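Reading the structure
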Amino acid sequence: MAEGSARPAVVVVGGGVAGLVAARVLMQRGAQVTVLERSDGFGGNLGGRELGGFVLDSGAESFSTRSDTVPALAAELGLEDLIVTPDAPGAWVQLPARDLPAGAHPLPASGVLGIPADPTDPGTAALIGRTGALRAALDKVLPPGALATRPGVSLGELVRARMGEEVLNRLVAPVAGGVFSADPDTLDVDSVAPGLRPAMARLGSLGAAAGALRQAAPAGSAVAGLRGGMVRLRDALVASLREGGADLRTSETVRALRRAPGGGWTVSTEHSTLQRSVSASAVVLAADGPGAVDLLAGVLPQAAVERPDPVPGVALVTLIVDQPELDASPRGTGVLVARGVAGVQAKALTHSTAKWKWLREQAGPGSHILRVSYGRAGDNPADSGASTGDEDLFRQALADASALLGVRLEAADVLAWDVVRWAGALPHAAVGHRDRVARLRAAVGPLEALEVTGGWLAGTGLVSVIDDATARARALAAELGLPEGPQGDPL
Ligand SMILES: Cc1cc2nc3c(=O)[nH]c(=O)nc-3n(C[C@H](O)[C@H](O)[C@H](O)COP(=O)(O)OP(=O)(O)OC[C@H]3O[C@@H](n4cnc5c(N)ncnc54)[C@H](O)[C@@H]3O)c2cc1C
């Protein structure tokens, strides 16, 4: 951008974390930024609400420590002192009764996504049985072979081939269900566990690779959070954009993108019944997958075939309960549920007051916050709970929490509860995902002054989303000729 020339106007479509991060990078590089968000608030899956006197995360409640992405952003926003790691006890897994050992067991903490660093370790062997442990130990002697490099390998295929069915069904599947609402056989391993296969090729076994990835995380914890909730990251991003003069609009749905005759874009929006057009030098499309593809298809018809497959809805029931027996954290920080556990519909339960010290201190002794999650791909929608009405789901959550925690919880123990529903919020990084993303990026590449970003492309999780949004925004800033700051970028 030549000195003295007007600041280019950039419209960001979608005010989730991808849109907010991209908007901030572009604002810092000197663009005049407008963020258009369809819903009545910013943050998308990174959100919060008040329940029973607590401000609680409604979606993301932690971030992966596999990279410095979130701590670096938190530091830029003045939040570095709020970073906290979860309490030590770790999560448990609830196994079905059909085979032994059944019931609830602590998950081995040494690996990633349930893949144990050492399947012969007594804690792990207790979960997968002696035969399972013997089969899993083959991982140490099998050569890495083509599985380490061949394209299109799923998480399930890799774990089954290296460590066998017991590790897959009893450890990895419950974790994948809890984190991605998906079956490991459908998940692209390189998208959900970046670096795992290269580490396996280097170190010779899947267990060694899982252990190395886990150890690479600072302080040994795979995740961290923010005191006050991850929603504080959303609030700080919004505050920083406001301070920098960005134009932030909610309840404004983008309906169409059109090339403007003289270059740049015309963005058609709808606010309530009011329709209008916004002119922009450039656009960042940071809507969720289906929304982004529909908008893209207007200018790039071949994009329509890349529309992501529908994913199951997720429902989170939060229970604030008065039950001193939970002070002992009977199931650590929570429970991941394997398929087939009789009578339990939940896929996971987070014991939030056991996981986060700041929340426990706020609640005080005897009071507990439980987040019970429903909706996993492959479940019959009628059984998954995600389509059940609020009152029935509340009763189911109470029963599931009692069964999973081994502590009887009655409606009279509940001080407050609510249900948060997310439709299509956890797009699957399915096998072949990287190829689809590459195809889409190649098709979008020639369109001037347009970048596409978001979890549906980058992969679920704040780290992937923030990294991608930052990279796309920097690429757009360079294309617009916006100068880098004295330290390179951002200003
Ligand atoms: C229940 C849940 C728990 C999670 N937990 C974690 C966790 O603990 N740790 C972690 O790292 N990740 C977690 N995630 C994943 C993480 O939150 C997401 O990967 C990330 O927030 C996605 O951000 P995004 O901006 O790409 O998409 P979104 O958050 O979906 O944002 C897209 C935004 O675009 C808007 N939009 C769509 N269409 C239009 C349009 N036409 N016009 C204007 N606006 C539009 C939407 O309203 C939305 O606000 C969780 C997700 C969920 C649902």
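Residues numbered from 1 in each chain as written. Predicted model: local features only at pLDDT ≥ 70, side-chain atom pairs only at ≥ 80, totals over all residues. Heavy atoms only, no water.

Definition in use: UniProt positions are given in the numbering used here, feature names are shortened, and annotations may be inferred rather than shown by experiment.
For the protein chain, an unreviewed UniProt entry supplies the name Coproporphyrinogen III oxidase and the organism Arthrobacter crusticola. Its UniProt record gives the protein chain the following Sequence similarities (unreviewed entry) comment, quoted word for word: "Belongs to the protoporphyrinogen/coproporphyrinogen oxidase family. Coproporphyrinogen III oxidase subfamily." Taken verbatim from the UniProt record of the protein chain, the Function (unreviewed entry) comment is "Involved in coproporphyrin-dependent heme b biosynthesis. Catalyzes the oxidation of coproporphyrinogen III to coproporphyrin III."

**Notes on empty space enclosed by the protein**
Operational definition: Two kinds of site are reported from a 1 Å grid over the protein atoms alone, namely cavities, where a 1.4 Å probe fits but cannot get out, and pockets, open sets with protein on both sides within 12 Å along at least five of seven lines, and residues are called lining when an atom falls within 4 Å of a point. Grid points are joined across faces, edges and corners, and a volume is the space filled by probe spheres set on the points. Counting from the N terminus, the helices are DSSP H or I runs at least four residues long and the strands are E runs at least two residues long. By the convention adopted, Pro, Cys, Tyr, Trp, Phe, Met, Ile, Leu, Val and Ala count as nonpolar, Lys, Arg, Asp and Glu as charged, and the other residues, Gly among them, as polar.
By the definition in use, this model includes 1 cavity of 30 Å³ or more. Of the volumes computed, that of the largest cavity is approximately 160 Å³. Residue lining of the largest cavity: 15 residues in total, with Leu56, Asp57, Glu61, Ser352 and Leu359 positioned closest to the centre. Residue assignment for the lining of the largest cavity shows that the elements contributing at least two residues are β4 (54-57), β9 (223-226), α12 (357-363) and β18 (367-374). Each residue belonging to the lining of the largest cavity can be placed in one class, and the counts come to 7 nonpolar, 4 polar and 4 charged.

**Structural notes on the environment of Asp413**
What counts is decided by this rule: By definition in these notes, contact holds between two residues if any of their heavy atoms fall within 4.5 Å.
Looking at the element boundaries, Asp413 is found in the loop between α14 (390-405) and β19 (414-422). Those residues in contact with Asp413 that lie beyond four places of it in its chain are Ile320, Val321, Asp322, Gln323 and Arg408.

**Some remarks on the site of the ligand**
The following threshold applies: Note on terminology: near, applied to a residue and a molecule or strand, indicates that one of the residue's heavy atoms is within 4 Å of it. In protein, a polar contact means a hydrogen-donor-capable atom and an acceptor-capable atom, both N or O and within 3.5 Å, with residues adjacent in sequence counting only if both atoms are side-chain atoms; elsewhere, any N or O pair within 3.5 Å suffices. Accessible surface is estimated by sampling points in the Shrake-Rupley manner with a 1.4 Å probe; for residues, cover comes only from the protein chains shown.
Of all residues adjacent to the ligand, which total 31 residues, the nearest are Glu37, Asn45, Ser62, Gly455 and Leu462. At 3.0 Å, a backbone N or O of Ala18 approaches an oxygen atom of the ligand. One of the backbone N or O atoms of Glu61 is found 3.2 Å from an oxygen atom in the ligand. Burial of the ligand by the protein amounts to 89% of the accessible area it has alone, namely 1,000 Å². Elements represented by at least two residues in the shell around the ligand include exactly α1 (17-28), β11 (253-259) and α17 (462-479). For the shell around the ligand, a count of residues per class yields 14 nonpolar, 12 polar and 5 charged.

**Here's the deal with the sheet that holds strand β17 (residues 348-351)**
Under the convention used in this document: When DSSP finds two or more bridges between two strands, those strands count as paired. Axis definition: a line fitted to C-alpha atoms, over the contacting stretch in the case of helices. Angles run 0 to 180 degrees between N-to-C directions.
The strand order across the open sheet formed by 7 strands is β8-β7-β16-β17-β18-β15-β19, and the pairing between neighbours is mixed. The open sheet has two edge strands, β8 (103-106) and β19, and neither has a second partner. In this sheet, adjacent strand axes meet at a mean angle of 20° when their direction is disregarded. Inspection of the sheet shows strand β16 (residues 334-337) paired to β17 by 3 bridges, in the antiparallel sense. Note that in β17 the partner of Val335 across the bridge is Leu349. Contacts from helix α5 (residues 165-180) reach β7 (91-95), β16 and β17, with the element oriented near 105° to β16.

**Re the side chain of Thr350**
For clarity, the threshold we go by: The cut-offs for exposure are 20% and 50% of the maximum accessible area for each residue type, with area from a 1.4 Å probe on protein chains only; residues under the lower value are buried, those over the upper are exposed, and the others partly exposed.
Mapped onto the elements, Thr350 comes out in strand β17. Since its relative accessible area comes to 16%, Thr350 is described here as buried.

**Thoughts on the nonpolar core**
Worth spelling out the cut-off: Grouping buried Ala, Val, Leu, Ile, Met, Phe, Trp, Tyr and Cys residues that are joined through side-chain atoms within 4.5 Å yields what is termed a nonpolar core.
Grouped together as the largest cluster of nonpolar side chains are 73 residues, with contacts concentrated most on Leu26, Val33, Leu233 and Leu257. Looking at which element gives the most residues to this core, the answer is α1, with 9 residues. Counting residues in each nonpolar core, the second largest holds 39 residues, with Val93, Val189, Leu206 and Ala209 among its members.

**Description of the packing of helix α3 (residues 122-137) against helix α4 (residues 155-163)**
Note the threshold: Angle categories are assigned with fixed cut-offs, so that under 35 degrees is roughly parallel, over 145 is roughly antiparallel, 65 to 115 is roughly perpendicular, and the rest are oblique.
Contact geometry of α3 with α4 gives a least axis separation of 6 Å together with a crossing angle of 100°. Looking at the two axes, α3 sits roughly perpendicular to α4. On the side of α3, the interface is formed by Gly132, Arg135 and Ala136, while α4 contributes Arg160, Ala161, Arg162 and Met163. For the contact of α3 with α4, the class distribution of residues is 3 nonpolar, 1 polar and 3 charged.

**Side note on the sheet that holds β11**
Read from one edge to the other, the open sheet built from 3 strands follows the order β11-β12-β13, with strand pairing classed as antiparallel. Single-partner strands in this sheet number two, and they are β11 and β13 (274-280). Across this sheet, the average inter-strand angle for adjacent strands is 20°, counted without regard to direction. Alignment of strand β12 (residues 265-271) against β13, held across 7 bridges, turns out to be antiparallel. Bridging from a neighbouring strand, Glu270 pairs with Gln275 of β13.

**Some points on the packing of aromatic side chains**
Note the cut-off: Aromatic pairing here means that ring centres of Phe, Tyr or Trp (its six-membered ring) are within 6.5 Å. Orientation follows from the plane angle: under 30 degrees is stacked, over 60 is edge-to-face, and everything else is tilted. Geometrically, a charge over a ring is one whose NZ (Lys) or CZ (Arg) sits within 6 Å of the ring centre while staying within 35 degrees of the ring normal.
Counted according to the given criterion, the structure contains 1 aromatic pair. For the ring pair Phe394 and Trp417, a centre distance of 4.3 Å and an interplane angle of 15° mean the geometry is stacked. A residue pair is termed long-range when its members are at least 10 positions apart, and Phe394 in helix α14 and Trp417 in strand β19 qualify at 23 residues. On the basis of relative accessible area, Phe394 is assigned to the buried category, the value being 8%. A relative accessible area of 28% places Trp417 in the partly exposed class. Above the ring of Trp265, the side-chain terminus of Arg259 is found at 4.0 Å from the ring centroid.

**Overview of the packing of helix α7 (residues 196-203) against helix α8 (residues 206-216)**
Which entries qualify depends on this criterion: The crossing is said to be left-handed when, going from far helix to near helix, the turn is anticlockwise and less than a right angle, and right-handed when the turn is clockwise.
Their axes nearest at 8 Å, the elements α7 and α8 cross at an angle of 120°. Considering their axes alone, α7 and α8 lie oblique with respect to each other. For the pair α7 and α8, the crossing hand works out as right-handed. Residue-level contacts link Leu196, Ala199, Met200 and Leu203 of α7 to Leu206, Ala208, Ala209, Ala210, Ala212 and Leu213 of α8. Here the contact of α7 with α8 is built from residues that sort into 10 nonpolar, no polar and no charged.

**A closer look at α4**
Rule in force here: Arc definition: it is the arc formed by the directions from the helix axis to the C-beta atoms.
Looking only at α4, the buried set comprises Leu155, Gly156, Leu158, Val159, Arg162 and Met163. Taken around the axis of α4, the buried residues stretch over an arc of 165°, which confines them to a single face. If you follow the buried residues of α4, they end up packed against α3, α5, α6 (189-192), α7 and α8.

**Digging into α8**
Leu206, Gly207, Ala209, Ala210, Gly211 and Arg214 are the residues of α8 that are buried. Contacts made by the buried residues of α8 are with α4 and α7. For α8, the side-chain oxygen to backbone nitrogen distance between the N-cap and Ala208 is 3.1 Å, and the N-cap itself is Ser205.

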